[in-house]
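# Residue-level structure breakdown
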Amino acid sequence: MINVSNFTSLNKPSGWLAAPAEPTLPAGPGDRAAAGRPYPDDTRTRGLGALAATRIMLSWLAALPGRLGDRLFAMNDNEAYWRDWQITRTHGGLGRRYRDPSFDLPPEYREV
C-alpha cells in the first residue's frame, strides 16, 4: 500500500502552504517601518523589473533576424552601396531588394 497525499482535493492542508511574510525595514525612532510597512521594493516593483527584463529579451529576439540578414547580405550590400543602388530590406531583414535608380531616367540620360 502506498500512502500519497492528494493536493487536488478540497481538504488541502493550509498551514504550511501559506505565503511567507514580507520583509520589513528595521524599526527606528519615528520610522515608517515601525508601522510594519514592507520594503520600498515590494512585489509591484519586482514585477516591473521582471517586465523590463522580459521586454529587453523580447526586443533582442525580435532584432535577431535583422542582424542575421545584415551578416548574410554584407557583401551584396557593400557592392550595392558602391554602385549607388537602392537597398530595400524585405521579410523582416532576411531578404534584400536592389534597384538601380538610373532606370528612372530617360534613356538618353543614362550612363552606358
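Everything here concerns the structure above.
Computed from a predicted model, the values in this text were never measured in an experiment.

## Details of the overall build of the chain
Assigned secondary structure in the chain consists of two helices and two strands. Ordered by position from the N terminus, the helices and strands of the chain form the series α-α-β-β. Expressed as a percentage of the 112 residues in the chain, the buried residues total 11%. Contacts spanning at least 24 positions in sequence make up 19% of the contacts within the chain whose residues lie at least 6 apart. Surface exposure of the chain reaches about 10,100 Å², of which carbon and sulfur atoms provide 60%.

## Some words on unusual backbone geometry
Positive phi is not limited to glycine here, since Asp 84 has a value of about 60 degrees. Structurally, the position occupied by Asp 84 is in the loop between helix 2 (74–82) and strand 1 (86–90). Despite not being glycine, His 91 shows a phi value in the positive range, around 55 degrees. Mapping His 91 onto the fold places it in the loop between strand 1 and strand 2 (95–99).

## Focus on the pairing of strand 2
Side-chain direction in a regular strand flips from residue to residue, so the side chains alternate between the two faces of the sheet. Across five bridges, the pairing between strand 1 and strand 2 is antiparallel. Each residue of the ladder has a partner; that of Thr 88, found in strand 2, is Arg 97.

## Quick word on the environment of Arg 83
Of note, Arg 83 is situated in the loop between helix 2 and strand 1. Arg 83 sits in the partly exposed class, given a relative accessible area of 41%. For the pair Arg 83 and Asp 100, spaced 17 residues apart in the sequence, the C-alpha separation amounts to 8.2 Å.

## So, the environment of Gly 93
Considering the arrangement of structural elements, one finds Gly 93 in the loop between strand 1 and strand 2. Its relative accessible area of 4% is what places Gly 93 among the buried residues. Beyond its immediate stretch of four places on either side in the chain, Gly 93 contacts Pro 65, Gly 66 and Gly 69.

## Let's talk about the side chain of Arg 96
Position of Arg 96 relative to the elements: it lies in strand 2. With a relative accessible area of 13%, Arg 96 lands in the buried category. Looking at Arg 96, its side chain comes within polar contact range of the main-chain oxygen of Gly 93, at 3.2 Å. Beyond its immediate stretch of four places on either side in the chain, Arg 96 contacts Gly 69, Asp 70, Phe 73, Asp 77, Ile 87, Thr 88, Arg 89 and Thr 90.

About the thresholds
Residues numbered from 1 in each chain as written. Predicted model: local features only at pLDDT ≥ 70, side-chain atom pairs only at ≥ 80, totals over all residues. Heavy atoms only, no water. Helix = DSSP H or I, 4+ residues; strand = E, 2+ residues; numbered from the N terminus. Buried < 20%, exposed > 50% of the residue type's maximum accessible area, 1.4 Å probe, protein only. Contact = heavy atoms within 4.5 Å. Areas by Shrake-Rupley, 256 points an atom, 1.4 Å probe, with all protein chains shown as cover. Pairing = 2+ DSSP bridges. Polar contact = N/O pair within 3.5 Å; in protein donor to acceptor, adjacent residues only side chain to side chain.

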